[in-house]
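Breakdown of the fold
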Amino acid sequence: MSHGFLTDIVLLLAAGVLFVPMFKRIGLGSVLGYLVAGVLLGPWGFGLIAEPERMAHVSELGVVFLLFIIGLELEPKRLWAWRMPIFGMGTLQVLIVSGLVAICARLFGLPWNAAIVVGVAAATSSTAIATQILRERNLLNTKGGSSAFSILLFQDIAVLPVLALLPHLAGQAAEKKGVSPWIILLVIAGIMLAGRIVLRHALRIVAGAHLREVFTAMSLLVVVGMAALMEELGVSMALGAFVAGVLLATSEYRHAIEMDIEPFKGILLGLFFVTVGMAVDLTTIAHQPGTVAGIVASLLLIKLVVHFALARAFNISLKERPLFAILISQVGEFAFVLLGSAQVMKMIDPEQTALLSASVALSMASTPLLLLFYDRWLAPKLAAMTIKQPEGAEVHNDHPEVLIAGFGRVGQIIGRMLYANGITATVLDHDPDQIELLRRFGFKIYYGDATRLDLLEAAGAATAKVLVVAVDDQEDSLEIIDLAQQHFPHLQLVSRARNVGHVYELIDRDITFWERETFESSLRMSTEVLKTIGWEPYSAVRASNKFREHNIRMIYNLHAVRNDETKLTSAARQARVDLENMFNGERETLKSNPDGWDVQPEP
Amino acid sequence: MKIPDDSSVLFLIAHPYLQDSRSNRAVVEAVADLPGLTVHPLYDLYPYFHIDTRFERDLLAAHDTIVVQHPFYWYAMPSLMRHWVSEVLQPGWAYGPGGDKLKDKNFLVSMTVGGPEDSYSAQGYNRFPMETFLAPWNQTAHLCQMKWHEPVILYNSIVAQEDQLREHGQRVRQKLAQMTGGSAQ
Ligand SMILES: Cc1cc2nc3c(=O)[nH]c(=O)nc-3n(C[C@H](O)[C@H](O)[C@H](O)COP(=O)(O)O)c2cc1C
């Protein structure tokens, strides 16, 4: 093929656009769509891609971005709580699976050292596939999901020593080329300590410039820079990105960064699956279909059984066990690297490598199919069986009950009042200076424009109960309300109103609770005036209560007749008419204490 | 608000429109100048019905004699007085295990009643004697281990003449003097 990189990109995008919707439609999921597209485009398919290696390298960033986003969603506190599954379950999973697979490989005639490499390769799971599913299905908050993710994290860490040991296994003298593990640890520790502060400051400065694209560039720089640094050290890029994500998880810019990275992640991850598809060696499969099928089936069987047993041992509920087992049942992309190196070191021959690599790719393709089976058959059965079983979900506050859009004078009071009562609302605001100040007082605040659907979504609108719309701009307020009503119909809306005109717009939208920002405080003040000129306090309060009642009733009445007129009159004129109507109506609320008691009723 | 330091009688008054009530004003005016007596107008202090319960308890604890003055509304006390009882008299403080902060204090109900005295009997149109309606206050005092004193009641309060009101005010004043052993005259 004589075409270049650009044509490759066009082909990849076109294949993605064509296959992914198709596969999604049939219910096979996007991952399989990408894989098949890869197979067709790849050297063993139509051989349309000129530079598959280069593609593969670029597409690795997809996994990097994915892990970064996951890191963003994990506060260090939560990660710390997972140390047990990471190191306990992770170690067991890697040891048991690689042991069993190594024994099988040995039985099939591989020498011990090769058998061990194959075993370890088989034990790894695909971070890309599994994590993508975890996120898609929002499983990180379940015990099964977080355990699966913990194991993936451990595998990513375990990869380091395995790669270092490879030359020893091959019987070669290890040529000293990697960076010493101590230096790696030191660098990571340094990043953990300083990165947080440095990154935050840098982000604040960039955000302060109010240039959207520069902020996006900054986000990309953080991720790619971190990944590059880690690769330089010989650590998995994905792990580096994950660390960067965790560092920023508590940052107020978390949502903004997440939104910026998300589309890149999506495209690159798709590309990644395509390149995996390109690695599927169709000729090998065609020549030895039985052998490949046998290998894939045994690998899946071993992994599924071990995972099931682990889930049981670690008290994952029966309902979650199958999904947990399936999630990490495929063999991961790291196996390609290991097998490739093993071949280079002459531990396995090229034919064996081709056979195993094809099996690995097929095992990846099996996950969407297993999931399909799980969703259609297993899940309904399990649901019926285990209704009484308590949910294994852990408690955390990543799903706030209350969102507050706009943290100005109004939103602040609401936020503080809730906070005082133990309810930490998630706050959306677009003024970084103010955010920083308030964050120091312990508020959970995120930077962004609340009229954006993706920000509302990222902040947790899908699971929150209430959205307080406290922005000061009327247009923005109505825009947010329209968005929320359209996309999150379950959300209760509590809205700040600038004035009566705004109130009418809110009534049009059937908002049950609205409050004029100045009304209640003005009533309080008028009550105080009455007291000062000699009214009894309770009479003054009563008068203001009556005024409120009357005023709200009148607003609804005027709203009913107003709609026909508004079309004819200007907004300013309408405001004057409204005011006049109110003055006339309110004259009726004179001071009147309730009537007394009739002392002499009919005997 | 602060706790007066040389006061022994706490005179709670609960009338939503005190300025409009001749009878209740008459009583307050008759006792207000007694030394060691603090008038505590609930509706003026808590017109929004949010009661500062800690302050109320400190205030109660600082006095030996508690008087509640209120009009008779629907065979009971006005709503803020009722709310005050519910909010302030907490278990473990006013009653129940460890609740002895009101123990041995004098307790007096002073009420203005619109109906005539004879209507409060089995034969009258109000069908029950006044003791029946006062039972909630009586038992409240008992539960809190306070000393119950015979209530001072002004019947026909709405139609009472000026001299009758003045006379009733003096009755309340004398009752207080008698209860406190002359410390308040
Ligand atoms: C809402 C209300 C309920 C009343 N219920 C009674 C009652 O049940 N029995 C009675 O004798 N008088 C009743 N009265 C009359 C009051 O006891 C009487 O108005 C009060 O003692 C005198 O205070 P005033 O000067 O504010 O009217 C009632 C008065 C009001 C306003």
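Scoring rules and cut-offs
Residues numbered from 1 in each chain as written. Chains lettered and ligands numbered in written order. Predicted model: local features only at pLDDT ≥ 70, side-chain atom pairs only at ≥ 80, totals over all residues. Heavy atoms only, no water. Contact = heavy atoms within 4.5 Å. Buried area = accessible area lost by both parts, 1.4 Å probe. Salt bridge = Lys/Arg side-chain N within 4 Å of Asp/Glu carboxyl O. Polar contact = N/O pair within 3.5 Å; in protein donor to acceptor, adjacent residues only side chain to side chain. Nonpolar A, V, L, I, M, F, W, Y, C, P; charged D, E, K, R; others polar. Helix = DSSP H or I, 4+ residues; strand = E, 2+ residues; numbered from the N terminus. Expected span 1.5 Å × (residues − 1). Buried < 20%, exposed > 50% of the residue type's maximum accessible area, 1.4 Å probe, protein only. Phe/Tyr/Trp six-rings, centres within 6.5 Å; stacked < 30°, edge-to-face > 60°. Lys NZ or Arg CZ within 6 Å of the ring centre and 35° of its normal. 1 Å grid on protein atoms, 1.4 Å probe; cavity = no way out; pocket = protein on both sides within 12 Å on 5 of 7 lines; lining within 4 Å. Points joined across faces, edges and corners; volume = space filled by probe spheres on them. Near = heavy atom within 4 Å. Core = buried A, V, L, I, M, F, W, Y, C linked by side-chain atoms within 4.5 Å. Pairing = 2+ DSSP bridges. Right-handed = clockwise from strand over helix to strand, strands pointing away. pLDDT = per-residue confidence, 0-100. Axes fitted to C-alpha atoms, helices over the stretch in contact; angles between N-to-C directions. Parallel < 35°, antiparallel > 145°, perpendicular 65-115°, else oblique.

Description of the interface of chain B and chain A
- Contact with chain B, which involves 17 residues of that partner, is made by 16 residues of chain A.
- With both sides pooled, the region where chain B packs onto chain A buries about 1600 Å², and carbon together with sulfur makes up 63% of that total.
- Across the chain B-chain A interface, the total number found is zero salt bridges.
- Here chain B is connected to chain A by three residue pairs in polar contact (both at pLDDT 80 or more).
- In the side of chain B that touches chain A, the residues fall into twelve nonpolar, three polar and two charged.

Some points on the pattern of salt bridges
- With the rule as written, the count across this model stands at twelve salt bridges over all chains.
- A salt bridge links Asp 33 of chain B to Arg 173 of chain B; its shortest N-O distance comes to 2.7 Å. Taken as a pair, Asp 33 of chain B in the loop between helix H1 (22-31) and strand E2 (37-41) and Arg 173 of chain B in helix H6 (residues 162-179) lie far apart in primary sequence, 140 residues in all.
- Within the structure, one salt-bridge network assembled from shared partners comprises Asp 482, Glu 505 and Arg 509 of chain A.

Describing helix H1 (residues 5-26) of chain A
All names here are of chain A.
- For H1, with 22 residues, the first-to-last C-alpha span of 31 Å sits near the 32 Å given by 1.5 Å per residue.
- All of the buried residues in H1 are Asp 8, Leu 12, Ala 15, Gly 16, Phe 19, Val 20 and Phe 23.
- In the core, the buried residues of H1 are packed alongside helix H2 (30-41), helix H3 (52-73) and helix H12 (254-278).
- Backbone geometry just downstream of H1 places Gly 27 in the positive-phi region, at approximately 90°.

Concerning the environment of Thr 180 of chain B
Residue and element names in this part refer to chain B.
- Mapped onto the secondary structure, Thr 180 falls in the segment after H6.
- Residue Thr 180 is classed as buried on the basis of its relative accessible area, which comes to 14%.
- The spacing of Thr 180 and Ser 8 is 172 residues in sequence and 8.7 Å in space, taken between C-alpha atoms.
- Those residues in contact with Thr 180 that sit more than four places away from it in its chain are Val 9 and Thr 65.

Some words on the packing of aromatic side chains
- Inspection of every chain in the model, using the stated rule, returns 23 aromatic pairs over all chains.
- Seen from their ring centres, Phe 72 of chain B and Tyr 120 of chain B are 5.8 Å apart, and the 65° between their planes marks the pair as edge-to-face. Taken as a pair, Phe 72 of chain B in the loop between strand E3 (65-71) and helix H4 (79-88) and Tyr 120 of chain B in the loop between strand E4 (106-112) and helix H5 (130-143) lie far apart in primary sequence, 48 residues in all. Tyr 120 of chain B matches Phe 72 of chain B in its accessibility class, with the two residues each being buried.
- Plain terms: the ring middles of Tyr 120 of chain B and Phe 133 of chain B are 5.8 Å apart, the flat faces sit at 90° to each other, and that makes the pair edge-to-face. In this pair, Tyr 120 of chain B is assigned in the loop between E4 and H5 and Phe 133 of chain B in helix H5, connecting sequence segments 13 residues apart.
- Classification of Tyr 120 of chain B as buried rests on a relative accessible area of 10%.
- For Phe 133 of chain B, a relative accessible area of 17% gives the class buried.
- Connected via pairs of aromatic rings, a cluster forms that spans Phe 72, Trp 74, Tyr 75, Tyr 120, Phe 128, Phe 133 and Tyr 155 of chain B.
- The ring of Trp 80 of chain A is capped by Arg 83 of chain A, whose NZ or CZ atom sits 4.4 Å from the centre of that ring.
- Over the aromatic face of Tyr 48 of chain B sits the side chain of Arg 524 of chain A, whose NZ or CZ is 3.6 Å from the ring centroid.

What to know about empty space enclosed by the protein
Residue and element names in this part refer to chain A.
- The tally for this structure, following the rule as stated, stands at five cavities of 30 Å³ or more.
- Empty space within the largest cavity amounts to approximately 60 Å³.
- In terms of lining, the largest cavity is formed by Val 118, Ala 121, Ala 122, Leu 299, Val 331, Ala 335, Leu 339, Leu 356 and Val 360.
- Going through the elements one at a time, helix H6 (112-123), helix H16 (334-344) and helix H17 (350-385) are the ones with two or more residues in the lining of the largest cavity.
- It is H6 that contributes the most residues to the lining of the largest cavity, three residues altogether.
- Looking at the lining of the largest cavity, its residues break down into nine nonpolar, no polar and no charged.

Observations regarding the site of the ligand
- In the vicinity of the ligand there are 19 residues, among which His 15, Phe 72, Trp 74, Thr 112 and Tyr 120 of chain B approach most closely.
- Looking at the residues close to the ligand, they fall on chains A and B.
- For the ligand, a nitrogen atom lies 2.7 Å from a polar atom in the backbone of Trp 74 of chain B.
- Take Thr 112 of chain B: an N or O atom from its main chain is 2.7 Å from an oxygen atom of the ligand.

Quick word on the nonpolar core
- Counting residues in hydrophobic clusters, the biggest one holds 125 residues, and the most contacted among them are Phe 68, Phe 149, Phe 215, Phe 242, Ile 257 and Phe 273 of chain A.
- Among the elements that line this core, the one with the most residues is H12 of chain A, at eleven residues.
- Other than its neighbours up to four places away in sequence, Phe 242 of chain A contacts Leu 67, Phe 68, Ile 70, Gly 71, Leu 74, Leu 79, Phe 149 and Leu 153 of chain A.
- By size, the runner-up hydrophobic cluster in this structure holds 39 residues, among which are Val 109, Tyr 120, Ala 141 and Met 146 of chain B.

Description of the pairing of strand E6 (residues 513-516) of chain A
Residue and element names in this part refer to chain A.
- Only one face of E6 is buried: it carries Trp 514 and Arg 516, and the other face, with Phe 513 and Glu 515, is open.
- The pairing of strand E5 (residues 492-497) with E6 spans four bridges and is classified as parallel. When the sheet's bridge partners are listed, Val 494 is paired in E6 with Phe 513.
- In this view, the connection linking E5 to its parallel neighbour E6 by way of helix H22 (residues 500-508) has right-handed handedness.

A short note on the confidence of the model for chain B
- Of all residues in chain B, 98% have pLDDT values of 70 or greater, and the mean over the chain is 94.
- As a predicted assembly, this complex carries a pTM of 0.55 together with an ipTM value of 0.87.

Topic: the pairing of E3 of chain B
Residues and elements named next belong to chain B.
- The element E3 is extensively covered by neighbouring structure, given that seven of its seven residues are classed as buried.
- Side chains Thr 65, Val 67, Gln 69 and Pro 71 project from E3 onto one buried face, and the interleaved Ile 66, Val 68 and His 70 project onto a second face that is buried too.
- The pairing of strand E1 (residues 9-13) with E3 spans five bridges and is parallel. Across the sheet, residue Phe 11 finds its bridge partner in E3, namely Val 67.

What about the packing of helix H8 (residues 143-169) of chain A against H16 of chain A?
Residue and element names in this part refer to chain A.
- Running from N to C, H8 and H16 point in directions that differ by 10°, and their axes come no closer than 11 Å. Compared by their axis directions, H8 and H16 come out roughly parallel. The segment H8 lies against H16, with Val 159, Val 162, Leu 163 and Leu 166 engaging Phe 334, Leu 338 and Ser 341.
- Residues belonging to the contact of H8 with H16 are distributed by class as follows: six nonpolar, one polar and no charged.

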